[in-house]
Amino acid sequence: MYANKEIFLGCSTCFALLKRVRPDEYFSRWKRTGDCEWTGVFANRVWTLSQNNESILYRVTKCPGLETSDEITRNTGKSNSRVQSVARKGRSMKKPMCEVTYTENDKIGDTTKTRSDQSSLEDDLLRKYFRLDVSLEEHYAQWSKKDPHFMEAAEKFTGVRILSQDPIENLFSFICSSNNNIARISSMVEKLCVLYGNKIADVSGTEYYGFPTLAALTDPSVEKSLRDAGFGYRAKFINQSACKIMQMGGSDWLDFLQSLSYEEAKVELMKLPGIGAKVADCICLMSLGHLEAIPVDTHIYQVAVQRYLPHLRGRKTVTDKMYNEIGDHFRALYGSLAGWAHTILFCADLKMFQDSAKQKLGLHDIKPQRKKRKQEQAL
């Protein structure tokens, strides 16, 4: 067991504002656990993040033996697409000993200090997860120059980042999102982890689990088990998609999708049960590195017709042609990171962000869009 201390991650607050862009409002596996502190799971670790005026601070708890594919590749030079977890179905499992990893307080990029390989790995994992290699200041300036509407949104929502999420977790989380709300999606994802993932640790009285492997979700009993747990028709899609992905090569197939063009990767994803155009775009954007993907939902449709494409106003449903026209418009406007820029517009349109902006910035002129049930279902 290592000392429970914090490691500084050199990151300007203008690039990653945990205080303004809350992980728990974005991502189902993050929970607020303190004043500007969030705890969540990725890379088979429990992370606690906080922020001061100069840096994001993090604390990590993990279990030896629950290595990520990145770690295995780094440590052995070989990729691992066949790491399997055991589904818990009343069988006892030996609880692995967990550890809190730490090296002396340090800032990334400070060459005057020596950090352990483990700390360096976790720095790299966090940098990759938040895409800290991308200069938001530079791109915000470029997007603002091209689009006055973006400039207005950017003033209210600095530091919005697209997470580089695990493709397996991202894909099955979005299958859970079908005709669902955020609270219920979060509940389903947690149930999936508890039922079929490996326990990572108890942290402050809360149990944390890793996301299930593909192999764990291919068992024939999975569909019934998930239906009993309240997943409904999504249970079939989860099991069938896991089986199909395994048939196509498992994690290696998902890695292959990252090497394809955006258009090709989207077509391949839509061959999976339960994945349509919008969900495929979400997966491309958030976990496959295709940052030009534009998921078009009700909010983005409203933004498009009100500010960019007024000739689409009044349509009862969004056809494939309209969907592609909206995406192509934003890609032409913002370029190769169009999906990132579109996310800032998405944040600005959502009521929960509007309310937050009003409270913090004293804004009273932002009117939330009313949802139309039939239109939401059509999208």
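Cut-offs and rules
- Residues numbered from 1 in each chain as written.
- Predicted model: local features only at pLDDT ≥ 70, side-chain atom pairs only at ≥ 80, totals over all residues.
- Heavy atoms only, no water.
- Helix = DSSP H or I, 4+ residues; strand = E, 2+ residues; numbered from the N terminus.
- Buried < 20%, exposed > 50% of the residue type's maximum accessible area, 1.4 Å probe, protein only.
- Contact = heavy atoms within 4.5 Å.
- Areas by Shrake-Rupley, 256 points an atom, 1.4 Å probe, with all protein chains shown as cover.
- Polar contact = N/O pair within 3.5 Å; in protein donor to acceptor, adjacent residues only side chain to side chain.
- Salt bridge = Lys/Arg side-chain N within 4 Å of Asp/Glu carboxyl O.
- Expected span 1.5 Å × (residues − 1).
- Core = buried A, V, L, I, M, F, W, Y, C linked by side-chain atoms within 4.5 Å.
- Axes fitted to C-alpha atoms, helices over the stretch in contact; angles between N-to-C directions.
- Parallel < 35°, antiparallel > 145°, perpendicular 65-115°, else oblique.
- Left-handed = near helix turned anticlockwise from the far one by under 90°.
- Nonpolar A, V, L, I, M, F, W, Y, C, P; charged D, E, K, R; others polar.
- pLDDT = per-residue confidence, 0-100.
- Pairing = 2+ DSSP bridges.
- Phe/Tyr/Trp six-rings, centres within 6.5 Å; stacked < 30°, edge-to-face > 60°.

1. A look at the overall build of the protein
Then comes step 1: Across its full length, the protein carries 17 helices and eight strands.
Then comes step 2: Sorting the 379 residues of the protein into buried and exposed places 51% on the buried side.
Then comes step 3: Long-range contacts, defined here as pairs at least 24 residues apart, represent 67% of the contacts in the protein between residues at least 6 apart.
Then comes step 4: As displayed, the protein has an accessible area near 18,500 Å², and 50% of this comes from carbon and sulfur atoms.

2. Digging into the side chain of N180
Then comes step 1: Relative to the assigned elements, N180 resides in the loop between α6 (167-176) and α7 (182-196).
Then comes step 2: Among the polar contacts listed, one links the side chain of N180 to the backbone oxygen of C176, at a separation of 2.9 Å.

3. Brief notes about the pattern of salt bridges
A side chain of one charge can pair with a side chain of the opposite charge if their charged atoms are brought near each other.
Then comes step 1: Taken as a whole and assessed by the stated rule, the structure comprises twelve salt bridges.
Then comes step 2: As a salt-bridge pair, K199 and E207 come within 3.2 Å of each other at their nearest N and O atoms.
Then comes step 3: The partner of E268 in a salt bridge is K271, and the shortest N-O contact between them spans 2.9 Å.
Then comes step 4: Salt bridges linked by common partners bring R29, E169 and E190 together as one network.

4. Structural notes on helix α14 (residues 320-334)
Then comes step 1: Taking 1.5 Å of rise per residue, 15 residues should cover 21 Å, and α14 covers 21 Å from first to last C-alpha, within 8% of that figure.
Then comes step 2: For α14, the full list of buried residues reads M322, Y323, I326, G327, F330, R331, L333 and Y334.
Then comes step 3: Contacts from the buried residues of α14 go to α4 (136-146), α5 (148-156), α11 (262-269), α12 (277-287), α13 (298-307) and α15 (338-349).
Then comes step 4: G335 lies just past α14 and shows a positive phi near 90°.

5. Focus: the nonpolar core
Then comes step 1: Ranked by internal contacts, the top residues of the largest apolar core, which has 78 residues, are L171, F172, L269 and Y334.
Then comes step 2: Counting 16 residues, the second largest nonpolar core, distinct from the first, contains W30, V60, L121 and F130.

6. Some remarks on the packing of α6 against α7
Then comes step 1: Two numbers describe how α6 lies on α7: the axes approach to 9 Å, and their chain directions differ by 130°. If you check the angle between α6 and α7, you find them oblique. Here the hand of the crossing between α6 and α7 comes out right-handed. From α6, F172, S173 and C176 reach across to α7, where they touch I185, M188, V189 and L192.
Then comes step 2: Of the residues contributing to the contact of α6 with α7, the split by class is six nonpolar, one polar and no charged.

7. Describing the confidence of the model for the protein
Then comes step 1: On average, residues of the protein carry a pLDDT of 77, and 70% of them reach 70 or more.
Then comes step 2: Highest mean pLDDT in the protein belongs to α11 (98); lowest belongs to helix α2 (residues 69-76) (40).
Then comes step 3: Every residue in residues 12-17 is under pLDDT 50, and counting partners more than four places away or in other chains gives 18 contacts.
Then comes step 4: Ignoring residues within four places in sequence, the model shows residues 69-115, a span with pLDDT below 50, making 107 contacts including any to other chains.

8. Comments concerning the pairing of strand β5 (residues 55-62)
Then comes step 1: In terms of burial, β5 is a largely internal element, seven of the eight residues being buried.
Then comes step 2: Where strand β4 (residues 45-51) and β5 come together, seven bridges link them in antiparallel fashion. Within β5, the position partnered with S50 by the bridge is L57.

9. Points about the pairing of strand β2 (residues 30-34)
Then comes step 1: Note: β2 against strand β3 (residues 37-42), four bridges, orientation antiparallel. Of the residues in β3, the one forming a bridge with W30 is G40.
Then comes step 2: Here β2 hands over to β3 after two residues, with C36 in that stretch at a positive phi of 55°.

10. As for the packing of aromatic side chains
Then comes step 1: A full pass over the atoms with the stated rule returns 14 aromatic pairs.
Then comes step 2: For the pair Y140 and F150, a centre-to-centre distance of 5.6 Å together with 75° between the ring planes defines the contact as edge-to-face. Note that Y140 is positioned in helix α4 and F150 in helix α5, a separation of ten residues in sequence. Grouping residues by exposure puts Y140 and F150 together as buried.
Then comes step 3: Consider the rings of F330 and Y334, whose centres lie 6.1 Å apart with planes at 5°: the pair is stacked.

11. Quick word on unusual backbone geometry
Phi is mostly negative for residues that are not glycine, and the peptide bonds are mostly trans.
Then comes step 1: Positioned with a positive phi, R131 is a non-glycine residue whose angle comes to about 50°.
Then comes step 2: In this structure, R131 sits in the loop between α3 (117-130) and α4.
Then comes step 3: Judged by relative accessible area, R131 falls into the buried class, the value being 11%.
Then comes step 4: In this structure, N179 is a non-glycine residue whose phi angle is positive, near 50°.
Then comes step 5: Mapping N179 onto the fold places it in the loop between α6 and α7.
Then comes step 6: N179 sits in the exposed class, given a relative accessible area of 63%.

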